[in-house]
Amino acid sequence: MMNIPFLDLKSQYRSIKGEVLPAIEQVLDNTAYVLGKPVAEFEHSFAKEHGVRFCYGVSSGTDGNHMVLWALGVGPGDEVILPANTFIATAWGATLCGAKPVLVDCDPFSFNIDPAKVEEKITSRTKAIVAVHLYGQPADMDTLGAIAARHGISLVEDCAQAHFAEYKGKRVGGLSVASSFSFYPGKNLGAYGEGGAVATNDEALARKFKMIRDHGSDRKYYHDLHGHNYRMEGIQGAVLGVKLRHLAAWTEARRKNAMLYGKYLADIPEVSPPREMPFARHVYHLYVLRTSRRDELQKFLETRGISTGLHYPIPLHLQKVFEPLGYKEGDLPVAEKAAKEILSLPMYAELGEEQIAYVVAAIREFHS
Ligand SMILES: Cc1ncc(COP(=O)(O)O)c(C=O)c1O
């Protein structure tokens, strides 16, 4: 029996150990523990790769989500529209500003926010829409952008799962007024600890990002704005700088693996592989299929040594913490149905064709 983990960070580390250890050593030799040259260099390269003018390394994607809305002036009494089908950190961006998350159902094929259901949620208090490029597939940005423009509200991106993903040939991160990224270790571009970034093409907003990240200051001990300590660590900047050079190849490998899964799964009618939207270049942070006997299949795959995941088993509107928002079961039916049918298969650059064939053979065996 093969043993196939959901994610294999060890084999990636082995492949770059010779590059990454000297980079870390240099940070230690220079005692550049917080921000510093490796972080600045990484920010520059990362911005360039995403076609965006300004990028700042921060302490996590969650902190990035908070900073984006904070810098836009979102505060108590405001509402922020975001998808119900996402990781909860998308909503923390709003709640940390004291604003109310307003949750929207998803599209059944892309699993991203359904733009057709956004406009009915806009009120006089709505300040922003957060587009999440879930699983690595860009949301329908043009449609969302048109809605935001019509109502004079901001559109922002949560790119935590979507480094290098493309919408109509353009990389995410600069498709809206401001965006955030996560470099949590399991992400397509992962640090060796916590990390994130914020990005924008707007110079005034960029200045706010830089200051909020560092106690509202751009001159030591002069604090012109409210802020926080959301700085990136030097070691994370150095690791990310090394890994960024490999990301294009790793992304290609993920896409190849997704194609192989799709090819092998094609003759199993009980499961629906993920769909790449016509406007999207999906980077497959997660390979999420749909199937009606999801729980049984997941248990069966476990007996065959295959680890899978659920992203996410409970949509945000049904989370206990959001009970005060007053949603009930049935309010967002597409997301609720998806939550019961989705299953994330092992997906990473180092996954081989033999392993993919083994996973699909087990899925076939379950249905035979
Ligand atoms: C969609 C989404 N947003 C935000 C985050 C938060 O990122 P972090 O874990 O770096 O705080 C994550 C991942 O954890 C995520 O998947």
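Just so you know, these numbers come straight off a predicted model, no measurement behind them. (Residues numbered from 1 in each chain as written. Predicted model: local features only at pLDDT ≥ 70, side-chain atom pairs only at ≥ 80, totals over all residues. Heavy atoms only, no water.)

**Focus: helix H5 (residues 141-151)**
Okay, so step 1: Turning to H5, its buried residues are Met141, Leu144, Ile147 and Ala148. Mapping the buried residues of H5 onto a view down its axis gives an arc of 130°, with all of them on the same face. Turned more than 90 degrees away from the buried face of H5 sit Ala149 and Arg150, all of them exposed.
Okay, so step 2: Just downstream of H5, Gly152 is the residue with a positive phi angle, here 65°. (Buried < 20%, exposed > 50% of the residue type's maximum accessible area, 1.4 Å probe, protein only. Helix = DSSP H or I, 4+ residues; strand = E, 2+ residues; numbered from the N terminus. Arc of directions from axis to C-beta.)

**Overview of unusual backbone geometry**
Okay, so step 1: With an omega of 15°, the peptide bond between His311 and Tyr312 qualifies as cis.
Okay, so step 2: Along the chain, Tyr312 turns up in the loop between helix H9 (294-303) and helix H10 (333-341).
Okay, so step 3: Positioned with a positive phi, Thr31 is a non-glycine residue whose angle comes to about 45°.
Okay, so step 4: Following the sequence through the fold, Thr31 ends up in the loop between helix H1 (9-29) and helix H2 (37-49).
Okay, so step 5: The phi torsion at Tyr221 lies on the positive side, around 70°, for a residue other than glycine.
Okay, so step 6: Locating Tyr221 in the fold gives a position in the loop between helix H6 (203-213) and helix H7 (234-244).
Okay, so step 7: According to the relative accessible area criterion, Tyr221 is exposed, its value standing at 65%.

**Examining the packing of aromatic side chains**
Okay, so step 1: Counted under the stated rule, the structure contains twelve aromatic pairs.
Okay, so step 2: Centroid distance Phe46 to Phe181: 4.8 Å. Interplanar angle 85°. Geometry classified as edge-to-face. Highlighted residues: Phe46 in helix H2 and Phe181 in strand S8 (residues 178-182), separated in sequence by 135 residues. For the pair formed by Phe46 and Phe181, the shared burial category is buried.
Okay, so step 3: Connected via pairs of aromatic rings, a cluster forms that spans Phe42, Phe46, Phe181 and Phe183.
Okay, so step 4: Over the face of the ring belonging to Phe164 we find Arg171, whose NZ or CZ atom lies 3.7 Å from the ring centre.
Okay, so step 5: The ring of Tyr222 is capped by Arg219, whose NZ or CZ atom sits 3.9 Å from the centre of that ring. (Phe/Tyr/Trp six-rings, centres within 6.5 Å; stacked < 30°, edge-to-face > 60°. Lys NZ or Arg CZ within 6 Å of the ring centre and 35° of its normal.)

**Observations concerning the packing of H2 against H7**
Okay, so step 1: Their axes nearest at 8 Å, the elements H2 and H7 cross at an angle of 40°. Between H2 and H7, the crossing angle belongs to the class labelled oblique. Two packed elements cross with a definite hand, and for H2 against H7 that hand is left-handed. Of the residues in H7, those in contact with Pro38, Val39, Phe42, Ser45, Phe46 and Glu49 of H2 are Gly234, Gly237, Ala238, Leu240, Gly241 and Leu244.
Okay, so step 2: By residue class, the composition of the contact of H2 with H7 is seven nonpolar, four polar and one charged. (Axes fitted to C-alpha atoms, helices over the stretch in contact; angles between N-to-C directions. Parallel < 35°, antiparallel > 145°, perpendicular 65-115°, else oblique. Left-handed = near helix turned anticlockwise from the far one by under 90°. Contact = heavy atoms within 4.5 Å. Nonpolar A, V, L, I, M, F, W, Y, C, P; charged D, E, K, R; others polar.)

**With respect to the nonpolar core**
Okay, so step 1: Residues Leu69, Val80 and Phe209 are the most contacted members of the largest nonpolar core, which totals 41 residues.
Okay, so step 2: Of all the secondary structure elements, the ones that give two or more residues to this core are strand S1 (54-58), helix H3 (61-71), strand S2 (79-83), helix H4 (89-96), strand S4 (126-132), H6 and H10.
Okay, so step 3: Apart from the residues lying within four places of it in its own chain, the contact partners of Leu69 are Val74, Val80, Gly93, Ala94, Cys97, Ala128 and Val156. (Core = buried A, V, L, I, M, F, W, Y, C linked by side-chain atoms within 4.5 Å.)

**Digging into empty space enclosed by the protein**
Okay, so step 1: Scanning all chains against the criterion turns up three cavities of 30 Å³ or more.
Okay, so step 2: Its boundaries defined by the atoms lining it, the largest cavity holds a volume of some 100 Å³.
Okay, so step 3: Lining the largest cavity are 14 residues, and of these Gln12, Lys187, Arg254, Tyr348 and Glu350 sit closest to its centre.
Okay, so step 4: Looking at the lining of the largest cavity, the elements with two or more residues in it are H1 and helix H8 (247-265).
Okay, so step 5: Considered class by class, the residues forming the lining of the largest cavity number six nonpolar, three polar and five charged.
Okay, so step 6: Considering the residues around the second largest cavity, the lining is formed by Asn65, Val68, Leu69, Thr90, Gly93, Ala94, Val130, Val156, Glu157, Asp158 and Ser180. (1 Å grid on protein atoms, 1.4 Å probe; cavity = no way out; pocket = protein on both sides within 12 Å on 5 of 7 lines; lining within 4 Å. Points joined across faces, edges and corners; volume = space filled by probe spheres on them.)

**A look at the site of the ligand**
Okay, so step 1: Lining the immediate environment of the ligand, one finds 17 residues, of which Gly61, Thr62, Asp158, Ser182 and Lys187 sit closest.
Okay, so step 2: Here Ser182 contributes a side-chain N or O atom positioned 2.7 Å from an oxygen atom of the ligand.
Okay, so step 3: The side chain of Lys187 places a nitrogen or oxygen atom 3.0 Å from an oxygen atom of the ligand.
Okay, so step 4: Here the ligand loses 93% of its free accessible area of 380 Å² to cover by the protein chains.
Okay, so step 5: More than half of the atoms of the ligand fall within 2 Å of the grid points belonging to the largest pocket.
Okay, so step 6: Of all the elements in the fold, those that place two or more residues in the shell around the ligand are H3 and H4.
Okay, so step 7: The element best represented in the shell around the ligand is H3, accounting for three residues. (Near = heavy atom within 4 Å. Polar contact = N/O pair within 3.5 Å; in protein donor to acceptor, adjacent residues only side chain to side chain. Areas by Shrake-Rupley, 256 points an atom, 1.4 Å probe, with all protein chains shown as cover. Sits in = over half its atoms within 2 Å of the grid points.)

**Looking at the pairing of S8**
Okay, so step 1: Among the five residues that make up S8, five are buried, leaving the element largely enclosed by the rest of the structure.
Okay, so step 2: Here S8 shows two buried faces, one formed by Ala178, Ser180 and Ser182 and the other by Ser179 and Phe181.
Okay, so step 3: In terms of strand pairing, strand S5 (residues 154-158) meets S8 through three bridges, oriented parallel. Residue pairing for S8: Glu157 is matched across the bridge by Ser179.
Okay, so step 4: As judged from the four bridges shared by S8 and strand S9 (residues 196-200), these two strands associate in the antiparallel manner. In the sheet register, Ser179 faces S9, and the bridge partner there is Ala199. (Pairing = 2+ DSSP bridges.)

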